[in-house]
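Summary of structural features
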Amino acid sequence: MWKKLCAVVLAVHVACPVVLAGPTDSHTVTVTVTAISEVGITGGNITLTIDSATPGSDPDDATDATTCDLDWTTNESSQKITVATDLASPNFTLSVEAINVTGGTSAGAVTLSTTAQDFVTGISTTTGSCDLSYTASANASDGTGTDVHTVTYTITAST
Amino acid sequence: MGKWLLSAALALGAAASPAAGIDITLLGSWAARVDIEDPATGRWDRRDGTHESAVDEVVLAIFNSSGPGDAWRLDVRRVDTHWPESLTLWIRCSDPGLGPGSVDGGSLYQEVTPQDTPLCSGRGDRSVICIQLRLTGTSPEVSPSHYLSSVVYTVVDES
């Protein structure tokens with residue numbers, strides 16, 4: 001009895017095709033592209049030293065427009081890059097300007113504050129870059145000292 | 001182990017199916033994500049413009065031929081559901097598989113278009129034919145989305 005039952009079960013299994021087949025088959029290819037916006041600095045830290053003046057005038061500005069570059073990539077529309085410092089009460093003035101810009105429009109020289117300000121605008125589905133031109137200035141009345149800024153660039157949606 | 005189970009399953013199915021011409025069946029699909037997560041920062045960074053599947057992302061079996069000398073041709077085409085023009089899908093046979101027959105050609109990447117294009121040719125039954133896919137054309141200009149296409153494989157009896 002047991003042997004006959006096994007034989008019937010096996011025959012049914014073999015008679016049923018294991019796979020559906022024909023001259024054509026297909027599979028899907030799914031590509032997921034997430035929203036990506038990236039900004040990066042190349043060049044490292046900068047030191048600006050104000051150490052000269054014309055008699056009768058405030059000290060000469062110190063500038064650096066060659067050390068650092070900013071690069072960005074976004075696959076989103078209507079983006080911009082803002083800039084801010086973490087130093088709430090600096091002794092001296094520090095400004096930065098995007099020059100030689102590709103993939104966006106410079107917002108001109110920005111006097112750094114802790115409030116994020118537009119730095120490069122008009123960025124949409126593109127890569128881009130610019131040179132970072134820093135200018136440090138001081139008045140004679142500011143005295144001497146050292147400010148240390150951590151400058152942050154952020155790519156974000158334009159409002 | 002998985003490949004041997006497929007080979008056994010397809011052999012059993014071939015024996016059970018009625019003899020109605022060369023058939024093809026496949027396992028697998030490909031999901032490509034156009035970014036990677038930096039484990040250190042948790043940020044998602046865009047990968048470069050080329051993405052490649054595993055060498056055995058899709059596995060094919062061609063069976064029900066009339067014998068080791070029965071010639072066939074394998075055509076491939078793309079059927080798009082949502083696919084940007086800038087993305088290009090490439091395909092190749094990364095492994096000719098197993099069986100009494102043979103597989104010729106197809107080892108170099110070729111573009112998968114919406115028109116049937118020969119990928120490779122062969123003779124007789126073959127199983128575990130490995131397919132590898134490649135995606136090019138990803139760039140910031142490709143908007144964030146889920147893109148979907150199907151790759152259709154058609155085996156054409158050339159005897």
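Residues numbered from 1 in each chain as written. Chains lettered and ligands numbered in written order. Predicted model: local features only at pLDDT ≥ 70, side-chain atom pairs only at ≥ 80, totals over all residues. Heavy atoms only, no water.

All names here are of chain A. Positive phi values are uncommon outside glycine, yet N100 reaches one of about 50°. Structurally, N100 can be placed in strand β6 (residues 93–102). Despite not being glycine, T125 shows a phi value in the positive range, around 35°. With respect to the helices and strands, T125 occurs in the loop between β9 (117–123) and β10 (126–137). We classify T125 as partly exposed; its relative accessible area is 21%. (Helix = DSSP H or I, 4+ residues; strand = E, 2+ residues; numbered from the N terminus. Buried < 20%, exposed > 50% of the residue type's maximum accessible area, 1.4 Å probe, protein only.)

With that out of the way, let us pick up the environment of A:L112. All names here are of chain A. Position of L112 among the secondary structure elements: in the loop between β8 (110–111) and β9. In this structure the C-alpha to C-alpha distance between L112 and T93, which are 19 residues apart in sequence, comes to 7.7 Å. Dropping the residues within four chain positions of it, L112 is found in contact with V83, A84, T85, L94, S95, V96, Q117, Y134 and V151. (Contact = heavy atoms within 4.5 Å.)

All names here are of chain B. Under the counting rule described, the total for this entry stands at six salt bridges over all chains. Here E52 and R134 are joined by a salt bridge, their closest N and O atoms 2.9 Å apart. With E52 in strand β5 (residues 50–52) and R134 in strand β12 (residues 126–136), this residue pair connects regions lying 82 residues apart in the sequence. Ionic pairing is found between R77 and D116, a salt bridge with its closest N-O pair at 3.4 Å. On the criterion of sequence distance, the pair formed by R77 in strand β7 (residues 71–82) and D116 in the loop between β10 (110–111) and β11 (117–123) is long-range, its members being 39 residues apart. Look at R77 and you get partly exposed, because its relative accessible area is 25%. On the basis of relative accessibility, which here comes to 42%, the residue D116 falls in the partly exposed class. (Salt bridge = Lys/Arg side-chain N within 4 Å of Asp/Glu carboxyl O.)

Just distances and angles here, no functional claims.
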